[in-house]
Amino acid sequence: MTREAFERVVRQWGSRVHSHAVWMLRDREEARDVAQETLMRLWKHREEVHEAGAREWLLRTAHRLCIDRSRRLSVRREVPDGPAGIETADPAPDPARLADSSLLGERLESALLGLSPRNRAVVLLREVEGLGYEEIAESLSIPLGTLKAALHRSREKLREALAAEGVSP
Amino acid sequence: MTDRCGTARDLAQRRLDGERDPAAEAALNSHLAICPSCREIVAGLETVREGLRALPERPLPGVFLEDILDRTVRRERERVRAAVWAAWATAAAAATIVLSLILIRPGPPEAPAGDELARARREAGIALSLAAGAMREAERTARDRVIAERVAPALHRVPVRWSAFAASRKP
């Protein structure tokens, strides 16, 4: 990957990496560190990574870093600085706002916290990032059947969480 | 929830996974047509999927992106640029030295004219005569100094000793 390609990748996917880290870690400072470290690692390995596959490489690397960090941060459960923070959902929302997609997003982010880190990663990598099943299974080192079962359970749990919050289709 | 509800929800999950089986699709649709509970659940699962796909991105602040580019691409560019400049400077210095050696190299000496040669010989003779005179003068001065510093005091002491000897011989 050339320097120009690296710059394009950073500008194009840097925020996706950061978003994944935010949703995984629930700590924006740590998420920024993960995003930076991931991008610096890409620079280090730029000779081995093609631009076309950079996004998957970045997400895999970011995910591994998130897992490492989440072990260290296991006692921290708050996002300290975010109006769009995952834990800031309005406890008594106006029903009219429930149809608002941004509120749905807030509720979903909040519901994601109820998933285990592995299941959260499964949902994010599949439903948000759109990675293939085989790729996710390889990244998370789990069998394909286990991955699909985890995904089904996680969808159901998120649906129940939204229904409990009053978000209905 | 009946067994058919369980099967339908499983089929709905598979449909969300991207599996496309016309027979399973038909079975799911016919069940949803008669089961409001499953219809609501499947709609809820689809809402979850749509909501996840529409999650707003959390942009990495521009200052962080720029910092990364500073530490990687731009630093590398500066390094390459500096290396190129150093190479050019070295080449320019080498070229300057080579050109200087070519342009400043002295040519063969010119042959002197006949009168210049005669004059040079005369002047050389005068210089040699002066040098010989100076040598003689220096030799004389040195000899005088030796006499003055060593012999004269010795001579000065002789009369004293002689006087003393003479005095001792007096009755």
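Calculation notes
Residues numbered from 1 in each chain as written. Chains lettered and ligands numbered in written order. Predicted model: local features only at pLDDT ≥ 70, side-chain atom pairs only at ≥ 80, totals over all residues. Heavy atoms only, no water. pLDDT = per-residue confidence, 0-100. Helix = DSSP H or I, 4+ residues; strand = E, 2+ residues; numbered from the N terminus. Patch = residues over 30% accessible without salt bridge, like charges linked within 9 Å, V, L, I, M, F, W, Y side chains within 5 Å. Areas by Shrake-Rupley, 256 points an atom, 1.4 Å probe, with all protein chains shown as cover. Salt bridge = Lys/Arg side-chain N within 4 Å of Asp/Glu carboxyl O. Buried < 20%, exposed > 50% of the residue type's maximum accessible area, 1.4 Å probe, protein only. Phe/Tyr/Trp six-rings, centres within 6.5 Å; stacked < 30°, edge-to-face > 60°. Lys NZ or Arg CZ within 6 Å of the ring centre and 35° of its normal. Contact = heavy atoms within 4.5 Å. Buried area = accessible area lost by both parts, 1.4 Å probe. Polar contact = N/O pair within 3.5 Å; in protein donor to acceptor, adjacent residues only side chain to side chain. Nonpolar A, V, L, I, M, F, W, Y, C, P; charged D, E, K, R; others polar. Expected span 1.5 Å × (residues − 1).

**Focus: the confidence of the model for chain B**
For any part of a model where pLDDT is low, the fine detail of the predicted coordinates should not be relied upon.
Reasoning step 1: Scored by pLDDT, chain B comes out at a mean of 82, with 82% of its residues at no less than 70.
Reasoning step 2: In the model of chain B, helix α5 (residues 114-169) of chain B stands out as the element of lowest mean pLDDT, 75, in contrast to helix α3 (residues 36-53) of chain B, which has the highest, 91.

**With respect to a nonpolar patch on the surface**
Residues and elements named next belong to chain B.
Reasoning step 1: On the surface, V98, L99, I102, L103 and I104 cluster together into a nonpolar patch covering about 560 Å² of accessible area.
Reasoning step 2: Tracing the chain through its elements places I104 in helix α4 (residues 62-104).
Reasoning step 3: With a relative accessible area of 66%, I104 lands in the exposed category.

**Some words on the packing of aromatic side chains**
All names here are of chain A.
Reasoning step 1: For the coordinates displayed, the defined rule picks out one aromatic pair over all chains.
Reasoning step 2: Judged by centre distance (5.0 Å) and plane angle (65°), the rings of F6 and W43 are edge-to-face. Of this pair, F6 sits in helix α1 (residues 3-25) while W43 is found in helix α2 (residues 28-44), placing the two residues 37 residues apart along the sequence.
Reasoning step 3: Since its relative accessible area comes to 0%, F6 is described here as buried.
Reasoning step 4: Judged by relative accessible area, which is 10%, W43 ranks as buried.
Reasoning step 5: Positioned above the aromatic ring of W13 is the side chain of R55, whose terminal nitrogen or guanidinium carbon lies 5.2 Å from the ring centre.

**What to know about the interface of chain B and chain A**
Reasoning step 1: Between chain B and chain A, the contact holds 36 residues from the first and 41 residues from the second.
Reasoning step 2: For the pair chain B and chain A, the summed buried surface comes to about 3700 Å²; carbon and sulfur atoms form 63% of the total.
Reasoning step 3: A per-residue breakdown of the area chain B buries against chain A is headed by D17, L52 and R58 of chain B, which together make up 21% of the total.
Reasoning step 4: Between E4 of chain A and R77 of chain B there is a salt bridge whose closest N-O contact spans 3.9 Å.
Reasoning step 5: Run the count over chain B and chain A and you get 15 residue pairs in polar contact (both at pLDDT 80 or more).
Reasoning step 6: Residue assignment for the side of chain B that touches chain A shows that the elements contributing at least two residues are α1 (3-17), α3 and α4 of chain B.
Reasoning step 7: When residues in the side of chain B that touches chain A are grouped by element, the largest group, 13 residues, is from α4 of chain B.
Reasoning step 8: In terms of residue class, the side of chain B that touches chain A is built from 17 nonpolar, five polar and 14 charged.

**Some points on α1 of chain B**
Reasoning step 1: With 15 residues, α1 of chain B extends 21 Å between its outermost C-alpha atoms, agreeing within 8% with the 21 Å of an ideal straight helix rising 1.5 Å per residue.
Reasoning step 2: What α1 of chain B keeps buried is the set C5, A8, R9, L11, A12, Q13, R15, L16 and D17 of chain B.
Reasoning step 3: Buried residues belonging to α1 of chain B abut α6 (117-128), α7 (133-140) and α8 (144-164) of chain A together with α2 (22-34) and α3 of chain B.

**Some points on the pattern of salt bridges**
Reasoning step 1: Under the definition given, this model contains 29 salt bridges over all chains.
Reasoning step 2: Note that E129 of chain A is salt-bridged to R55 of chain A, the shortest N-O span being 3.4 Å. Highlighted residues: E129 of chain A in the loop between α6 and α7 and R55 of chain A in helix α3 (residues 54-72), separated in sequence by 74 residues.
Reasoning step 3: Under the relative-accessibility criterion, E129 of chain A is labelled buried at 4%.
Reasoning step 4: The exposure class of R55 of chain A is buried, given its relative accessible area of 17%.
Reasoning step 5: Salt-bridge contacts for R15 of chain B lead to E25 of chain B; the nearest nitrogen and oxygen are separated by 3.0 Å. On the criterion of sequence distance, the pair formed by R15 of chain B in helix α1 and E25 of chain B in helix α2 is long-range, its members being 10 residues apart.
Reasoning step 6: According to the relative accessible area criterion, R15 of chain B is buried, its value standing at 17%.

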